[in-house]
Amino acid sequence: MDPLLITRNIVLVLLSYLIGSVPFCYIIAKIKHRNLTQIGDRNPGGWNLTFNVSKFWGLIGIIFDMAKGFLPFYLISAYTGSTGLALIAGCAAVAGHNYSPLLKFSGGKGMATLLGLLLAINPFSVLAFGVGILLGLFLIRNMIWGVLSGISWAAIFFLLYYNSTIYILFWLLLFLIIIPKYLNHNIAFIKNFKFKKEKSLKDLFAPKIR
């Protein structure tokens, strides 16, 4: 492969990571004189911003976070014509959100950025993701399994719709990027995956310190 092409691809993926690393929700909270890493579940993402600062600004932050996932895939796909490269770049944006160098490689949990990425790939995949995550939450009552179910349903939708095994890699990358953010390190690793882990559906959505 052309070394210049390889260099271009690496630069595009790194730029996508840097775009994803801009902590919009954290910045908005700072403007409102709040520090998301010190309130609520201490997560610098849209959920914490919504619950503990402002529903309006939480919505704005979530929209910005979705744009971080949407734009890298959309622009790189249009510029290079490579779906594979655009998928990797989109995953890099999610990784940037979750592990931002601007926040000492901490960050949010990646849901809004992931939704933006899914929307860019195929809007119907958002529906598949939503059905998957709701089934996981209602049947298993464990956020990790809910998120894993949502990602899996979206990946299966892509596999069936586009008939391309590249979406298996997409599933694996998202699993490695997102699931660790939902682990509670104060309990045994295996207990994080316990069925019926939460007592009620309300407990699933309440921000918690992990």
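All values reported here derive from a predicted model rather than from experimental measurement.

1. Observations regarding the overall build of the chain
So, step 1. When its secondary structure is counted, the chain shows 10 helices and zero strands.
So, step 2. For the chain, the N- to C-terminal ordering of α and β elements is α-α-α-α-α-α-α-α-α-α.
So, step 3. The C-alpha atoms of the chain give a radius of gyration of 17 Å, which matches the 17 Å a tight globule of 210 residues would have.
So, step 4. With respect to the three principal axes, the spread of C-alpha positions in the chain is 55 × 40 × 30 Å.
So, step 5. Counting the 210 residues in the chain, one finds 46% classified as buried.
So, step 6. Sequence separation of 24 or more characterises 62% of the internal contacts of the chain that already satisfy a separation of 6 or more.
So, step 7. Taken as a whole, the chain presents about 11,100 Å² of accessible surface, with 72% of it coming from carbon and sulfur.
So, step 8. Distance between charge centres in the chain, computed from 19 positive and 5 negative side chains, equals 9 Å.

2. Details of a nonpolar patch on the surface
So, step 1. A surface patch of nonpolar side chains, about 480 Å² in accessible area, is lined by Leu127, Val131, Leu135, Leu139 and Trp153.
So, step 2. Residue contributions to the nonpolar patch peak at four residues, all from helix α7 (residues 123-140).
So, step 3. Following the sequence through the fold, Val131 ends up in helix α7.

3. Concerning the environment of Thr50
So, step 1. Relative to the assigned elements, Thr50 resides in helix α3 (residues 46-52).
So, step 2. In the structure, Thr50 is positioned 12 residues away from Ile62 in sequence and 8.9 Å away in space, judged by C-alpha atoms.

4. Some remarks on the environment of Asp65
So, step 1. Along the chain, Asp65 turns up in helix α4 (residues 55-80).
So, step 2. When its relative accessible area of 2% is taken as the criterion, Asp65 is described as buried.
So, step 3. It is 15 Å that separates the C-alpha atoms of Asp65 and Leu15, two residues lying 50 residues apart in sequence.
So, step 4. In this structure, Asp65 is in contact with Phe24, Cys25, Gly46, His97, Ala112 and Thr113, ignoring residues within four places of it in sequence.

5. Regarding the pattern of salt bridges
So, step 1. One pass over the structure, following the stated rule, counts one salt bridge.
So, step 2. Note that Lys68 and Asp65 form a salt bridge whose closest N and O atoms lie 3.3 Å from each other. Separated by three residues within a single helix, Lys68 and Asp65 lie in helix α4, roughly one turn from each other. Across this residue pair, the class does not change: Lys68 and Asp65 are buried.

6. Section: the nonpolar core
So, step 1. Of all hydrophobic cores here, the largest spans 39 residues; its most connected members are Val147, Phe170 and Ile178.
So, step 2. Of all the secondary-structure elements, those providing two or more residues to this core are α1 (3-20), α4, α5 (83-98), α6 (111-121), α7, α8 (143-162) and α9 (166-178).
So, step 3. Look past the residues within four positions of Val147 in its chain and what remains in contact with it is Met111, Phe129, Ile133, Ile178, Ile179 and Tyr182.
So, step 4. Cys25, Ala29, Leu36 and Ile39 belong to the second largest nonpolar core, which has six residues in total.

7. Observations regarding the environment of Ile133
So, step 1. Along the chain, the position of Ile133 falls in helix α7.
So, step 2. The buried category is assigned to Ile133, whose relative accessible area is 13%.
So, step 3. In this structure, the C-alpha to C-alpha distance between Ile133 and Val147, residues 14 residues apart in sequence, is 5.5 Å.
So, step 4. Residue contacts for Ile133: discarding those within four places in its chain leaves Gly146, Val147, Ser149 and Gly150.

8. Observations regarding unusual backbone geometry
So, step 1. Within the chain, Lys104 stands out as a residue other than glycine whose phi angle is a positive 60°.
So, step 2. In this structure Lys104 comes out as exposed when scored by relative accessible area, which is 80%.
So, step 3. Of note in this structure, Arg141 is not a glycine but carries a positive phi near 55°.
So, step 4. Counting through the fold element by element, Arg141 comes out in the loop between α7 and α8.
So, step 5. Classification of Arg141 as partly exposed rests on a relative accessible area of 22%.

Parameters at a glance
Residues numbered from 1 in each chain as written. Predicted model: local features only at pLDDT ≥ 70, side-chain atom pairs only at ≥ 80, totals over all residues. Heavy atoms only, no water. Helix = DSSP H or I, 4+ residues; strand = E, 2+ residues; numbered from the N terminus. Rg over C-alpha atoms; globule rule 2.2 N^0.38 Å. Buried < 20%, exposed > 50% of the residue type's maximum accessible area, 1.4 Å probe, protein only. Contact = heavy atoms within 4.5 Å. Areas by Shrake-Rupley, 256 points an atom, 1.4 Å probe, with all protein chains shown as cover. Lys, Arg positive; Asp, Glu negative; His and termini not counted. Charge placed at Lys NZ, Arg CZ, Asp CG, Glu CD. Patch = residues over 30% accessible without salt bridge, like charges linked within 9 Å, V, L, I, M, F, W, Y side chains within 5 Å. Salt bridge = Lys/Arg side-chain N within 4 Å of Asp/Glu carboxyl O. Core = buried A, V, L, I, M, F, W, Y, C linked by side-chain atoms within 4.5 Å.

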